[in-house]
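One-letter residues, chain by chain:
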Amino acid sequence: DAGVIQSPRHEVTEMGQEVTLRCKPISGHDYLFWYRQTMMRGLELLIYFNNNVPIDDSGMPEDRFSAKMPNASFSTLKIQPSEPRDSAVYFCASSLGQGSSPLHFGNGTRLTVT
Amino acid sequence: QQPVQSPQAVILREGEDAVINCSSSKALYSVHWYRQKHGEAPVFLMILLKGGEQKGHDKISASFNEKKQQSSLYLTASQLSYSGTYFCGTASMGNFNKFYFGSGTKLNVKP
């Protein structure tokens, strides 16, 4: 079991550029979550998917953020255009769902927008 | 929706005990506990689902009160390896797949 795989591990970009974060969940997990972690706001839920369908995107901060899950083994989180306040660690997590299964987190992508 | 976690930080000597609390204004479906080391991803510790439940392994255990609004994580005879930030994650009765995390408790165990 390779676990949840995220790429890239680090991303440094300039304000205004497009950023795409990638996630491969654990095979067989029906739920995929995107979280953002900052010192000020902690772990924030941005969006989650069930069987590749977005269920709740109420945590997505602005229209600049979008997420997709074209198939069961791949998801992307895109920020366009990026701003310095988007700097954070972005985690992807997957689970079997039902509220009784643990979340398995990827190693995160540390995004720095200058 | 975000649970309230306390304390914000704890400093312990090896062998001492600690309790971390997590509370919600409404009854919860489940509580999860995670530990995050600096620069790493959160790692799952345990889940509590039933009111009045107590669960644990080794020297780390947790409880969930009868009303399912409060959970506590107990760290006994702490070891250096226990250092990190502990988070509770909660799911509500209305949406048991949507997890909100508390603000975290930073635990520092010193020799």
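Residues numbered from 1 in each chain as written. Chains lettered and ligands numbered in written order. Predicted model: local features only at pLDDT ≥ 70, side-chain atom pairs only at ≥ 80, totals over all residues. Heavy atoms only, no water.

A.B. asks: What's the story with the interface of chain B and chain A in this structure? I'm lost.
C.D. replies: Quite often, the size of an interface is put as the accessible area lost when its parts meet. Counting residues at the interface gives 19 residues for chain B, matched by 21 residues for chain A. Interface area, chain B with chain A, both sides summed: about 1700 Å², of which 58% is carbon and sulfur. For the chain B face of the interface with chain A, the top three residues by lost area are Asn97, Phe99 and Phe101 of chain B, together amounting to 31%. Remark: the boundary between chain B and chain A carries one salt bridge. Looking at the side of chain B that touches chain A, the elements that each hand over two or more residues are strand 4 (28-36), strand 5 (43-48) and strand 10 (99-101) of chain B. The biggest single contributor to the side of chain B that touches chain A is strand 4 of chain B, with five residues. Residues of the side of chain B that touches chain A, tallied by class, amount to 11 nonpolar, six polar and two charged. (Contact = heavy atoms within 4.5 Å. Buried area = accessible area lost by both parts, 1.4 Å probe. Salt bridge = Lys/Arg side-chain N within 4 Å of Asp/Glu carboxyl O. Helix = DSSP H or I, 4+ residues; strand = E, 2+ residues; numbered from the N terminus. Nonpolar A, V, L, I, M, F, W, Y, C, P; charged D, E, K, R; others polar.)

A.B. asks: I'm lost on the pairing of strand 6 (residues 54-57) of chain B in this one. Help?
C.D. replies: For a regular strand, side-chain orientation follows a simple rule: the groups alternate between the two sheet faces. All names here are of chain B. Note: strand 6 against strand 7 (residues 60-64), four bridges, orientation antiparallel. The residue of strand 7 that forms the bridge with Gly56 is Ser61. Where strand 6 folds back onto strand 7 in an antiparallel hairpin, the turn is made up of two residues, including Asp58, whose phi is positive at roughly 60°. (Pairing = 2+ DSSP bridges.)

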